[in-house]
Amino acid sequence: MTHSEHSLRRSAQRGVTKGFIEAILTHADIERPIGDNCRLVRVSRRWSHGLNIDDRLGRYAVIWSDDTARIVTVLPLYDGAAGRRYRRHS
């Protein structure tokens, strides 16, 4: 698994370890295309609670580039009035 410089920087800023990212990729049950040949990969909150690995597992997503086979970034997911980031627009 390779990381972009951006993903390494963002992970450090957010306190996300490489092991945590590997857990997301290993246990992901949701994948959605988000454009530019990238996809959002994440663990649903329901699945995350059942895994009992890390409370934050269902609150972060990995953006993966199929072109470069690298992690582009890691980001927290937001619900509520602001909406969800990286929603696919038609």
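To be clear, the structure that these remarks concern was listed above.
Cut-offs applied
Residues numbered from 1 in each chain as written. Predicted model: local features only at pLDDT ≥ 70, side-chain atom pairs only at ≥ 80, totals over all residues. Heavy atoms only, no water. Helix = DSSP H or I, 4+ residues; strand = E, 2+ residues; numbered from the N terminus. Polar contact = N/O pair within 3.5 Å; in protein donor to acceptor, adjacent residues only side chain to side chain. Contact = heavy atoms within 4.5 Å. Phe/Tyr/Trp six-rings, centres within 6.5 Å; stacked < 30°, edge-to-face > 60°. Buried < 20%, exposed > 50% of the residue type's maximum accessible area, 1.4 Å probe, protein only. Lys NZ or Arg CZ within 6 Å of the ring centre and 35° of its normal.

(A) Inspection of the side chain of T73 at higher detail. Along the polypeptide, T73 turns up in strand β5 (residues 70–76). For T73, the side chain forms a polar contact with the side chain of H6, separated by 3.2 Å. Once you skip the residues sitting within four places of it in the chain, T73 turns out to touch H6, S7, R10, R14, A61, V62 and I63.

(B) Representation of the packing of aromatic side chains. Evaluation of the coordinates by the stated rule reveals one aromatic pair. Ring centres of F20 and Y60 lie 5.7 Å apart, and the angle between their planes is 90°; on these two criteria the pair is classed as edge-to-face. Residue F20 is found in helix α2 (residues 18–27), and its partner Y60 is found in strand β4 (residues 60–65); the two are separated by 40 residues along the sequence. Accessibility classification places F20 together with Y60 in one group, the buried group. A cation over an aromatic ring shows up here: R56 above the ring of F20, its NZ or CZ 4.4 Å from the ring centre.

Geometric values such as these leave the question of function open.
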